[in-house]
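Residue-level structural notes
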Amino acid sequence: QAQLVESGGGLVQAGGSLRLSCAASGIISRFKYMGWYRQVPGKQREMVAEISMGDSTNYADSVKGRFTISRDNNKNTLYLEMNSLKPEDTGIYYCKAINIFTFWGQGTQVTVSS
């Protein structure tokens, strides 16, 4: 059973930056997939950024050029660097990881004011 714990969310003004972290209880190099998702109340959770075992990455069109997903295998931590934040980036951000099962973190709130 893997445990994922997100942190780093908060309140920032438009144009600001945040760095989210997802600490895994397991060894993240064993996950074939890790990603960041966000959800706004009343809307479906959407993929923001994802990274494969081979380090290939994919981003939602809305965040391309502004967000960067990365991982530190030595620290067993996944990161999401968010720059040039916009009010529409507001939401709860969740960490997702897959080995033979799918795991989700508890989420961390990101609020961007205009």
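See the structure printed just above.
Residues numbered from 1 in each chain as written. Predicted model: local features only at pLDDT ≥ 70, side-chain atom pairs only at ≥ 80, totals over all residues. Heavy atoms only, no water.

The next thing to look at is the state of the cysteines. Considering all chains together, one arrives at one disulfide under this definition. Linked covalently through their sulfurs, Cys22 and Cys95 form a disulfide whose S-S length is 2.1 Å. Here the S-S torsion is close to -80 degrees, and the disulfide linking Cys22 with Cys95 is therefore left-handed. Highlighted residues: Cys22 in strand 3 (residues 18-24) and Cys95 in strand 9 (residues 91-98), separated in sequence by 73 residues. When sorted by exposure, Cys22 lands in the same class as Cys95, which is buried. (Disulfide = S-S within 2.5 Å. Helix = DSSP H or I, 4+ residues; strand = E, 2+ residues; numbered from the N terminus. Buried < 20%, exposed > 50% of the residue type's maximum accessible area, 1.4 Å probe, protein only.)

This part covers the sheet that holds strand 7 (residues 67-72). Pairing is antiparallel across the open sheet formed by four strands, whose spatial order is 1-3-8-7. Pairing within the sheet leaves two strands with one partner each, and these edge strands are strand 1 (4-7) and strand 7. Strand-to-strand twist across the sheet, computed as the mean angle between neighbouring axes with direction ignored, equals 15 degrees. (Pairing = 2+ DSSP bridges. Axes fitted to C-alpha atoms, helices over the stretch in contact; angles between N-to-C directions.)

Turning to the packing of aromatic side chains, a few remarks are in order. Inspection of every chain in the model, using the stated rule, returns four aromatic pairs. Both rings, one in Tyr37 and one in Trp104, keep their centres 5.1 Å apart while their planes meet at 70 degrees; by these two values the pair is edge-to-face. Of this pair, Tyr37 sits in strand 4 (residues 33-39) while Trp104 sits in strand 10 (residues 102-104); the two residues are 67 residues apart in sequence, bridging distant segments of the chain. Residue class for Tyr37 comes out buried when judged on its relative accessible area of 11%. When its relative accessible area of 37% is taken as the criterion, Trp104 is described as partly exposed. Positioned above the aromatic ring of Tyr79 is the side chain of Arg19, whose terminal nitrogen or guanidinium carbon lies 4.1 Å from the ring centre. (Phe/Tyr/Trp six-rings, centres within 6.5 Å; stacked < 30°, edge-to-face > 60°. Lys NZ or Arg CZ within 6 Å of the ring centre and 35° of its normal.)

A positive phi angle, near 75 degrees, is found at Asp55, a position not held by glycine. Its place among the elements puts Asp55 in the loop between strand 5 (46-52) and strand 6 (57-59). Unusually for a residue other than glycine, Asn76 sits at a positive phi of about 50 degrees. Take Asn76: it is sitting in the loop between strand 7 and strand 8 (77-82).

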